[in-house]
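# Examining the three-dimensional arrangement
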Number of protein chains: 2
Amino acid sequence: MIAADGGLGIVATQRAVLTENGPLVLASGAQLPHVEVAYETYGALSPSRDNAVFVCHALTGDAHAAGWHEGARRPGWWDNLIGPGRAVDTDRYFVIAANLLGGCSGTTGPLSIDPATGRPYGADFPALDMADFVSAHRGLLDHLGVDRLHAAVGGSLGGMQVLEWALQEPDRIDRAVLVAASSRLTTENIAFSAVARAAILEDPDFRDGRYFEHGVTPRHGLKVARMMAHITYVSELSLAEKFGHRRDTAGHDKRLAADFEVEHYLQHQGESFLDRFDALSYLHLTRPMDYFDPFGAHQGVVPSTRFELISFDTDWRFPTAHSVRIRDQLAARGAAVEHAELTSPWGHDSFLLEPDGYHDRVRAFLS
Amino acid sequence: MIAADGGLGIVATQRAVLTENGPLVLASGAQLPHVEVAYETYGALSPSRDNAVFVCHALTGDAHAAGWHEGARRPGWWDNLIGPGRAVDTDRYFVIAANLLGGCSGTTGPLSIDPATGRPYGADFPALDMADFVSAHRGLLDHLGVDRLHAAVGGSLGGMQVLEWALQEPDRIDRAVLVAASSRLTTENIAFSAVARAAILEDPDFRDGRYFEHGVTPRHGLKVARMMAHITYVSELSLAEKFGHRRDTAGHDKRLAADFEVEHYLQHQGESFLDRFDALSYLHLTRPMDYFDPFGAHQGVVPSTRFELISFDTDWRFPTAHSVRIRDQLAARGAAVEHAELTSPWGHDSFLLEPDGYHDRVRAFLS
């Protein structure tokens, strides 16, 4: 079906239970007795089951990568990339997108019920590892009866999952696309992440992670965390071009509260995030990035996967040096890897947009 | 007197009342009926009163720029620069340092008593302008009977005061030293500032700026603001070299709470800040930076002051482009201005440290 906008039209999220044959065992050794995964699929699996493309989302994404939910005002978060005739062409590929383990958009996470207690896990939800995100993805593939992936594709944290997965199971993934990703955060990256988590963990309304039992949420901390993180997702240039120094007041009429347009914008980003994201999921999905170091963990692996790495010249969250490190580490292991730094004004968020050459590279690599 | 460390030895903070002949009128038109300024002086004013050097502090500094307070464990914040034989040589110069208007270290600020109500100003303290900081400095000079300055010297926000002052009163200041300063914040600078302020203003314990009446302080917001700001004061390189990826846990033993050394460090920075700084002062001293645009406000001024600008190659809070803008604006007005970008590993905080060539430049320029 081709929708009016040339995309997928109406799609819906489904759910799969992954633990019918036993608990999900995490990298830490902890077990989750019941795991559900929210997912969407687009296109059709070929009779030979060789055309599956798995899309991994970034920190605040979800299973709704493309198409439109009934009555929605905007399409899925990667709708510009995925659809009939698009770079990830649903006329050719069977595309799978899933909400991350630990998330808050349908997949089991900290606000899910712990079968052992009958109450939400809250702060007792086990700390996750990048490998655990992949374990849930793998469980979904098994559930769908897909053995091999034509490709795994992800941006930012999504690209980090793709890298972990390809190093775990190189024979299962033919092609890997990592956009604006990292194989090891810098100390500065961890520092920003630490401040965001401190904002949440030390919010008096966090209540040791049991806020939901008190009818509150750590709104203040989560909002501040999001506002700060948002700055790192965009470029200095794009903020300057979009907002400049425009403000509500003029001359000597000044105030402490929000006045500049960029302040109202960040306020809006922070506020609207509260409606769609949970504080505990924020903690559980950001933390595995700090610890991620797959080239340390998977010594001696020779990936048979072919890699395409893309970075953007204005990205200061994961600048090109991060992709260069991945390229060098993969090349040293004998993997087939290409890297391109693309020009884009939009910083880290470029992976969600359409800078020149980006979608064409993805399309060509998948073909 | 030469102390054991070659510096000034014991010094003490004094106070001056600036409003004996009438209120201090702010740029906004608001008036402060009673203003005291905390200040220190080092060295002796020459008989011809031509050797005064005014030192302007940055956001979280105070009047105690050099020497040691009785029983203190560390000297003043710019003790490496100021003292007998040092770059700002107290054997030659009469050095004056004062706590900023709106501050919380002895000068009248938001926690001072409003004579109109008999209670602390709190949120009713008037919004300040960079020009108001200068008005208080000027009042102190008058109080001390100093007509002209041999030099005004400042780093970061201190340099911004120096620039404002030199454009207001070019005939009063012979030399101006601006280190790691800015004449107009970028949109990104304002964005970081906005998040820091939001963390404080929206902390439930801020209580509309009357927290002190409730026996609380917006600890959470102020701590998060400081932690975030601190990241922007240091370089990616210095964080990486100082802390790397060292952490308390090992292997799969991971946690959400602080674990990496850089997290403990930021926690310490945030906590210790609470002991020495007030949340309302933080708001009132950061906000004037966002609005600062002296080349817009002082059109047509031809400064007779000679300017020395210094920036640092790893400073990403006020990168060299900020100093280049000041140089170009001053040069276009016909001012004598020199700018040097120095190599330093330490980012914005370099102005408080001793990167190669820095103190020598200041010394040579003052001579």
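Since this is a predicted model, take the numbers as computed values, not measurements.

The rules behind these values
Residues numbered from 1 in each chain as written. Chains lettered and ligands numbered in written order. Predicted model: local features only at pLDDT ≥ 70, side-chain atom pairs only at ≥ 80, totals over all residues. Heavy atoms only, no water. Least-squares fit on C-alpha atoms with pLDDT ≥ 70 in both. Contact = heavy atoms within 4.5 Å. Buried area = accessible area lost by both parts, 1.4 Å probe. Salt bridge = Lys/Arg side-chain N within 4 Å of Asp/Glu carboxyl O. UniProt positions renumbered as here; feature names shortened; annotations may be inferred. Helix = DSSP H or I, 4+ residues; strand = E, 2+ residues; numbered from the N terminus. Buried < 20%, exposed > 50% of the residue type's maximum accessible area, 1.4 Å probe, protein only.

## Digging into the relation of the copies chain B and chain A
Once chain B has been moved 0.0 Å along the axis and rotated by 180°, it coincides with chain A to within an RMSD of 0.0 Å. Taken together, the rotation and translation relating the two chain copies correspond to the operation of a two-fold axis. The share of interface residues of chain B whose copies in chain A are also at the interface is 100%, consistent with both copies meeting through the same surface.

## Let's talk about the interface of chain B and chain A
In this assembly, 55 residues from chain B lie in contact with 55 residues from chain A. In total, about 4,800 Å² of surface goes out of reach between chain B and chain A, with carbon and sulfur atoms giving 68% of it. The interface formed by chain B and chain A includes eight salt bridges. Ionic pairing is found between B:E202 and A:K223, a salt bridge with its closest N-O pair at 2.8 Å.

## With respect to the UniProt feature "active site" (unreviewed entry) in chain A
Residue and element names in this part refer to chain A. The sites that UniProt annotates as "active site" (unreviewed entry) are S156, D315 and H348. Despite a sequence span of 193 residues, these residues sit close together in the fold, their greatest C-alpha distance being 10.8 Å. Once residues lying within four places of it in the same chain are set aside, the contact partners of S156 are A58, V179, A180, A181, F318, H348 and F351. If you trace the backbone, D315 turns up in the loop between β13 (306-312) and α9 (320-332). Residue D315 is classed as buried on the basis of its relative accessible area, which comes to 3%. In contact with D315, other than residues within four places in its own chain, are A180, G347 and H348.

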